[in-house]
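# Breakdown of the fold
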Amino acid sequence: MAQNIYDKPEFFEGYSQLGRSVHGLEGAAEWPAIRAALPDLAGKRVVDLGCGFGWFSRFAGEQGADRVLGLDLSENMIARARRDTSDPAIEYGIADLDQLALEAGAFDVAYSSLAFHYVEDFDRLVRAIHDALIPGSHLVFTIEHPIYMASLNPGWQVGEDGQKRWPVDHYSVEGRRTTDWLAKGVIKYHRTIGTTLNALVRGGFSIRHVEEWHPRPAQIDANPALAEEMERPMILIVDAQR
């Protein structure tokens, strides 16, 4: 079973204060790039894996999706999502992505934002998603970029020249990473880009689009703090088709 860090009070409180938690999809700088990768959601059956507060689930409903199922391991997240959702086409449930089981052919689109790097057995998850999608459908997801999460001691380092650098060590040593972010002992699973994409291919998907996201000049002009995201990729966006 995956670690349920989001139901720890200190983690949930900190997470609730993040810009993407307060402002939703528009509070995530990578959202325009994600939206460009999405297929048309009108009339589709959508599953939102690691749905959090339900921001994407509600977006899919607004785009005309026939049915949206939002799944998350966190009871706190699901409770907030249900509280903030009134669309009868959207339902939520508790699910561990490490043990995901969905009805075969039940969905036209699968989506996930920054959740898959918490999953230990990615190959199993890919197979479960593939079985739940109909032919021609899309899986669009984001994860922490493997360069961002590879280090055993992540975090900006400032050299004698004053230049900020992000450490990239143990990149080819895949597996568990334990970090302190909003709470101590957050467990994630590092995989290289090659391992991630090849798992999708083995699982029956074709790769349609891969983006190592970085902010655009206009975004940096509007929010200068985003400039540091040009120093190393933080988020990987993938569009795969069944």
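Our subject is the structure listed above.
Attention in this report is confined to the structure presented alongside it. (Residues numbered from 1 in each chain as written. Predicted model: local features only at pLDDT ≥ 70, side-chain atom pairs only at ≥ 80, totals over all residues. Heavy atoms only, no water.)

Turning to the sheet that holds strand S3 (residues 90–94), a few remarks are in order. Sheet strands pair by backbone hydrogen bonding; their relative direction is either parallel or antiparallel. Taking strand neighbours across the sheet as the criterion, the 7 strands line up as S3-S2-S1-S4-S5-S11-S10 in an open arrangement whose pairing is mixed. Since the sheet does not close on itself, it has two edges, and those belong to S3 and strand S10 (206–213), each with one partner. Shown here is a sheet whose adjacent strand axes are inclined to one another by a mean of 15°, direction ignored. With 5 bridges joining them, strand S2 (residues 67–72) and S3 adopt parallel strand pairing. Considered in S3, the bridge of Leu71 is made with Gly93. Packed on one face of the sheet, helix H5 (residues 75–83) meets S2 and S3 and runs near 165° to S3. Packing against the sheet, helix H6 (residues 122–132) makes contact with strand S1 (45–49), strand S4 (107–113) and strand S5 (133–144), and its axis sits at approximately 145° to S5. (Pairing = 2+ DSSP bridges. Helix = DSSP H or I, 4+ residues; strand = E, 2+ residues; numbered from the N terminus. Axes fitted to C-alpha atoms, helices over the stretch in contact; angles between N-to-C directions. Contact = heavy atoms within 4.5 Å.)

Turning our attention to helix H4 (residues 55–62). Most of H4 is tucked away, with 6 of its 8 residues classed as buried. When we look at burial in H4, the residues that qualify are Phe56, Ser57, Arg58, Phe59, Ala60 and Gly61. Elements that come into contact with the buried residues of H4 comprise helix H3 (31–37), S1, S2, H5, S3 and S4. After H4 finishes, the residue Gly64 shows a positive phi value of roughly 100°. (Buried < 20%, exposed > 50% of the residue type's maximum accessible area, 1.4 Å probe, protein only.)

Below, the discussion takes up the packing of aromatic side chains. What the rule picks out here adds up to 9 aromatic pairs. Ring geometry for Trp31 against Phe56: centres 6.4 Å apart, planes inclined by 70°, an arrangement best described as edge-to-face. Taken together, the residues Trp31 in helix H3 and Phe56 in helix H4 connect sequence positions 25 residues apart. When sorted by exposure, Trp31 lands in the same class as Phe56, which is buried. Judged by centre distance (5.9 Å) and plane angle (55°), the rings of Phe116 and Phe122 are tilted. Comparing Phe116 with Phe122, the two get one shared label, buried. Across from the ring centre of Trp156, 4.7 Å away, lies the NZ or CZ of Lys164, which sits over that ring. (Phe/Tyr/Trp six-rings, centres within 6.5 Å; stacked < 30°, edge-to-face > 60°. Lys NZ or Arg CZ within 6 Å of the ring centre and 35° of its normal.)

A cluster of nonpolar side chains, contributed by Val201, Ile207 and Val210, occupies part of the molecular surface with about 200 Å² of accessible area. Note that Val210 resides in strand S10. (Patch = residues over 30% accessible without salt bridge, like charges linked within 9 Å, V, L, I, M, F, W, Y side chains within 5 Å. Areas by Shrake-Rupley, 256 points an atom, 1.4 Å probe, with all protein chains shown as cover. Salt bridge = Lys/Arg side-chain N within 4 Å of Asp/Glu carboxyl O.)

In summary, soluble globular proteins display a tendency toward joint burial of nonpolar side chains. Counting residues in hydrophobic clusters, the biggest one holds 30 residues, and the most contacted among them are Phe116, Ile129, Leu139 and Leu200. Contributions of two or more residues to this core are made by S1, S2, S4, H6, S5, helix H8 (193–202) and strand S11 (235–241). For this core, the element with the most residues is H6, which contributes 6 residues. Setting aside its immediate chain neighbours within four residues, Phe116 contacts Leu49, Leu97, Phe122, Leu125, Ile129, Leu139, Phe141, Ile143 and Arg191. (Core = buried A, V, L, I, M, F, W, Y, C linked by side-chain atoms within 4.5 Å.)

Another aspect to go through is empty space enclosed by the protein. In total, this model carries 1 cavity of 30 Å³ or more according to the counting rule given. In terms of lining residues, the largest cavity is bounded by Phe116, His117, Phe122, Phe141, Ile143, Glu144, Pro146, Met149, Tyr189, His190, Arg191 and Thr196. Taken together, the elements giving at least two residues each to the lining of the largest cavity come down to S5, helix H7 (146–149) and strand S9 (186–190). A per-element tally of the lining of the largest cavity places S5 first, with 3 residues. (1 Å grid on protein atoms, 1.4 Å probe; cavity = no way out; pocket = protein on both sides within 12 Å on 5 of 7 lines; lining within 4 Å. Points joined across faces, edges and corners; volume = space filled by probe spheres on them.)

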